[in-house]
Amino acid sequence: MNNDKRTAGFWFLAAFFALFVLFLYGPMFVIVVLSFQGPEGGLTFPLRGVSLHWFYKLAEGLGVVDIGAALRRSLGLGLAVMAFTVVLSVLAGLAFRKKLAGANTLFFVVVASLIMPSIIVSLGIGLEFRLLDTGIKKALEVFGMTGTLEGYGTALGLFTSALGAHLTWTLPFGLLIMFAIFNRFNPAYEEAARDLGATPWQGFRHVVLPLIAPSVVGIGMFGFTLSWDEIARTSQAIGDVNTLPLELQGLTTTVTTPSIYALGTVTTVVSLLVMALALGLAWWLDRRQKKGTR
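Every residue gets a number counted from 1 within its own chain, in the order that chain's sequence is written. Whole-chain, interface and lining totals are the exception, using all residues; otherwise, since this is a predicted model, local features are given only for residues with pLDDT of at least 70 and side-chain atom pairs are given and counted only at 80 or more. The side-chain numbers reported here are obtained from all heavy atoms of the structure, hydrogens and water having been left aside.

1. Quick notes on the overall build of the protein
- On a plain count of helices and strands, the protein comes out with 12 helices and zero strands.
- A run of H or I in DSSP becomes a helix once it reaches four residues, and a run of E becomes a strand once it reaches two; helices and strands are each numbered from the N terminus. Counting from the amino terminus, helix and strand elements in the protein follow one another as α-α-α-α-α-α-α-α-α-α-α-α.
- A principal-axis box enclosing the C-alpha atoms of the protein has dimensions of 90 × 70 × 35 Å.
- Residue burial is assigned from relative accessible area. The probe radius is 1.4 Å, only protein chains are included, and a residue is buried under 20% of its type maximum, exposed over 50%, and partly exposed in between. For the protein, the residues scored as buried account for 34% of the 294 residues in total.
- Nonlocal contacts in the protein, meaning residues at least 24 apart in sequence, comprise 73% of its contacts between residues at least 6 apart.
- Just so you have it, the protein exposes about 18,100 Å², and 68% of that area is on carbon and sulfur atoms. Only heavy atoms matter for contacts: two residues are in contact if any of them lie within 4.5 Å across the pair. Working definition of accessibility: Shrake-Rupley area with a 1.4 Å probe, residue cover restricted to the visible protein chains.

Structure follows, in structure tokens:
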């Protein structure tokens, strides 16, 4: 029988950890609770009834803001960022397995965006695309393409400048994860495949990819979730449309009903669903891989 008693230090650290968890998740819990208030509910406690009233109001729209369009834009951008992050991270991870001239410099260039202020990155990308607009317009003038010039707007957009801005945030994380994966990857599996006559592509498709698939799913989850709630890198680089986080930020100064909390709850649920799907898929792939190696 173990008669050891918990020390005062243990209870102090336990209380500190509990307060940290409360500080971390308490605001989210409060937002979710307040979003289910009745029609007479306000932005603060006490809770006035329980209903889905403010979710119905959210579905009807919040003033002139098209929440549905903003949601579709964020989903589309998040999926595009996820796809690019996965593909480019895997390709970069494979490339860095070999000796590359200037590999260290290239690596530091890629991860440098993590330490730069996000708003500066956004301003820089926005400026680059505005300079690109100026160059394109001057070129159209030189070639006398007046019709095209009149219809030209800007190169700033959801899948141009905004996509690039988000990739400066997601790619370094994807690359770091791929480094960790390949650092513990056993090349003997690839050598065995080559001995059996597999081409490099067949070796990657049938050997390497199934082994790293759970981690690749994790990279995709990172790519989507980091893009889904990004504000600073989007603000100056998206052009004349807004993603859902930008609309939500703007609504905090104009909407004075729990509808804003309902919107926050919906965005949180989307993030949690993506995380649950990714974790479930990674678990299934890992289980399938273990069964295949028995």
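2. Describing the environment of G239
- Along the chain, the position of G239 falls in the loop between α10 (232-235) and α11 (244-251).
- A relative accessible area of 36% places G239 in the partly exposed class.
- Separated by 113 residues in sequence, G239 and G126 place their C-alpha atoms 8.2 Å apart.

3. With respect to helix α4 (residues 103-111)
- Taken together, the buried positions of α4 are occupied by A103, F107 and V111. End-on, the buried residues of α4 take up no more than an arc of 60°, which puts them together on one face. Along α4, the residues that are exposed and aim more than 90 degrees away from the buried face are T105, F108 and V109.
- Packed against the buried residues of α4 are α7 (161-183). The directions considered for the arc are those from the helix axis to the C-beta atoms.

4. What to know about the nonpolar core
- The set of buried Ala, Val, Leu, Ile, Met, Phe, Trp, Tyr and Cys residues whose side-chain atoms join them within 4.5 Å is what this entry labels a nonpolar core. Membership of the largest hydrophobic core comes to 18 residues, with the highest contact counts inside it found for L58, I67, L244, L251 and L263.
- Mapped onto this core, the elements with two or more residues apiece are α2 (53-60), α3 (67-95), α9 (200-228), α11 and α12 (259-292).
- Ranked by the residues each element gives to this core, the list is headed by α12, at five residues.
- Sequence-distant contacts of L244, defined by excluding residues within four places in its chain, comprise I67, A70, L71, S74, W228, L263 and T267.
- Within the second largest apolar cluster, 10 residues are counted, among which are I181, F204, I212 and V216.

5. Topic: the packing of aromatic side chains
- Note on aromatic pairs: the rings of Phe, Tyr and Trp (six-membered ring only in Trp) are paired at centre separations within 6.5 Å, and the planes decide the class, stacked below 30 degrees, edge-to-face beyond 60, tilted for the rest. Scanning the entire structure with this criterion turns up 11 aromatic pairs.
- For the ring pair F36 and F55, a centre distance of 4.9 Å and an interplane angle of 45° mean the geometry is tilted. Remark: F55 occurs in helix α2 and F36 occurs in the loop between α1 (8-35) and α2; sequence separation between them is 19 residues.
- Note on F36: relative accessible area 29%, which makes it partly exposed.
- For the ring pair F173 and F222, a centre distance of 6.4 Å and an interplane angle of 0° mean the geometry is stacked. Residue F173 is found in helix α7, and its partner F222 is found in helix α9; the two are separated by 49 residues along the sequence.
- Counting every residue linked through ring pairs, the aromatic cluster contains F96, F107, F108 and F179.
- Here, a charge over a ring means that NZ of Lys or CZ of Arg falls within 6 Å of the ring centre while also lying within 35 degrees of the ring normal. The cationic tip of R6 hangs over the ring face of F10; the distance from NZ or CZ to the ring centre is 4.5 Å.

6. A short note on the pattern of salt bridges
- Throughout this description, the term salt bridge denotes a Lys or Arg side-chain nitrogen within 4 Å of a carboxyl oxygen of Asp or Glu. This structure, assessed with the given rule, holds two salt bridges.
- Salt-bridge contacts for K57 lead to E60; the nearest nitrogen and oxygen are separated by 3.9 Å. With a gap of three residues between them, K57 and E60 both fall in helix α2, about one helical turn apart.
- Exposure remark for E60: the relative accessible area of 62% places this residue in the exposed category.
- For E190, the salt bridge is made with R97, and the minimal N-O distance between the two is 2.6 Å. Linking E190 in helix α8 (residues 188-195) with R97 in the loop between α3 and α4, this pair joins segments that are 93 residues apart in sequence.
- The exposure class assigned to R97 is partly exposed, which follows from its relative accessible area of 34%.

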